[in-house]
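A closer look at the structure
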Amino acid sequence: MNGFAPRAVKQVKADMWQVSTQMDITLSVLKLGPGKCDITWIDEQGHSGILTAK
């Protein structure tokens, strides 16, 4: 995705990673099971949301 090129990836739990991006957005990825995950984001101003795969 444009703007979401990873700058750094950090594993914070056995099933959770934080990804810092080139656009200064942090993505939190929680693995739920085979082929499933929740992705939330937060920017430097504190705005946040949930990304949904379709």
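Here goes a summary of the coordinates provided. (Residues numbered from 1 in each chain as written. Predicted model: local features only at pLDDT ≥ 70, side-chain atom pairs only at ≥ 80, totals over all residues. Heavy atoms only, no water.)

A few points about the sheet that holds strand β1 (residues 6–13)
Read from one edge of the open sheet, five strands run β1-β2-β3-β4-β5, paired in antiparallel fashion. One side of each edge strand has no neighbouring strand; the edge strands of this open sheet are β1 and β5 (48–51). Pairs of neighbouring strands in the sheet enclose a mean axial angle of 20°, with direction left out of account. When strand β2 (residues 16–21) meets strand β3 (residues 25–33), the two strands line up antiparallel, connected through five bridges. For Trp17, the partnering residue across the bridge sits in β3 and is Val29. (Pairing = 2+ DSSP bridges. Helix = DSSP H or I, 4+ residues; strand = E, 2+ residues; numbered from the N terminus. Axes fitted to C-alpha atoms, helices over the stretch in contact; angles between N-to-C directions.)

Notes on unusual backbone geometry
Excluding glycine, residues mostly carry a negative phi; peptide bonds, for their part, are mostly trans. Backbone geometry places Asp24, a non-glycine residue, at a positive phi of 60°. Topologically, Asp24 is positioned in the loop between β2 and β3.

With respect to the pairing of β3
Here is the key point about a regular strand: its side chains alternate between the two faces of the sheet. Where β2 hands over to β3, the hairpin turn is made up of three residues, of which Asp24 adopts a positive phi near 60°. Bridging between β3 and strand β4 (residues 36–43) involves eight bridges; their strand directions are antiparallel. Bridge pairing links Val29 to Ile39 in β4. The turn linking β3 back onto β4 is made up of two residues, and Gly35 within it adopts a positive phi angle of 75°.

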